[in-house]
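Observations on the three-dimensional arrangement
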Amino acid sequence: TDCVRGLALMPGLGFVSTGNDCSIRLWSMDGDCLQEMKGHDSFVYCLAVLPSGEIISGSEDKTCRVWRDGQCVLSLPHAGSVW
């Protein structure tokens, strides 16, 4: 619902997006929001989808997070923002 900062293809499902609203969203190719993932405390600058289907995200909140099945399964702290 704010600035989009990152997009990545989610094979077989659609694509994921992220941005200034601190969330990650999974979208169908038809534009329907299938899932919203929350956990970051600030802008999410980047994301990538691994071959396993896990999502990796980096944020202004100084964390890199790993997402599996819509849940944050790992949060890695960093000294600065993760772009």
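The following refers to the structure shown. (Residues numbered from 1 in each chain as written. Predicted model: local features only at pLDDT ≥ 70, side-chain atom pairs only at ≥ 80, totals over all residues. Heavy atoms only, no water.)

1. Focus: the environment of cysteine 64
By the secondary structure assignment, cysteine 64 is in strand β7 (residues 63-68). Residues cysteine 64 and valine 82, spaced 18 residues apart in sequence, show a C-alpha to C-alpha distance of 6.7 Å. (Helix = DSSP H or I, 4+ residues; strand = E, 2+ residues; numbered from the N terminus.)

2. Things to note about the sheet that holds strand β5 (residues 44-49)
Strand-to-strand pairing in sheets goes through backbone hydrogen bonds, with the strands running parallel or antiparallel. Sheet architecture is open: four strands sit in the order β5-β6-β7-β8, paired in antiparallel fashion. Each edge of the open sheet carries a strand with a single partner, namely β5 and β8 (71-77). The mean angle between the axes of side-by-side strands here comes to 20°, regardless of whether they run parallel or antiparallel. Relative to β8, β7 runs antiparallel, the two being bridged by six bridges. The residue of β8 that forms the bridge with tryptophan 67 is cysteine 72. (Pairing = 2+ DSSP bridges. Axes fitted to C-alpha atoms, helices over the stretch in contact; angles between N-to-C directions.)

3. Notes on the side chain of threonine 18
Tracing the backbone shows threonine 18 in strand β2 (residues 14-19). Assessed through its relative accessible area of 3%, threonine 18 is described here as buried. When sequence neighbours within four positions are dropped, the list of residues in contact with threonine 18 reads Cys3, Val4, Arg5, Gly6, Ser23, Ile24, Val44, Cys46 and Leu47. (Buried < 20%, exposed > 50% of the residue type's maximum accessible area, 1.4 Å probe, protein only. Contact = heavy atoms within 4.5 Å.)

4. Remarks on the sheet that holds strand β4 (residues 33-38)
With antiparallel pairing, four strands are arranged side by side in an open sheet as β1-β2-β3-β4. With one partner strand each, in any of the chains shown, β1 (4-10) and β4 form the two edges of the open sheet. Between one strand axis and the next, the sheet turns through 20° on average, direction left out of account. Direction of pairing for β1 relative to β2: antiparallel, over a ladder of six bridges. Within β2, the position partnered with methionine 10 by the bridge is glycine 14.

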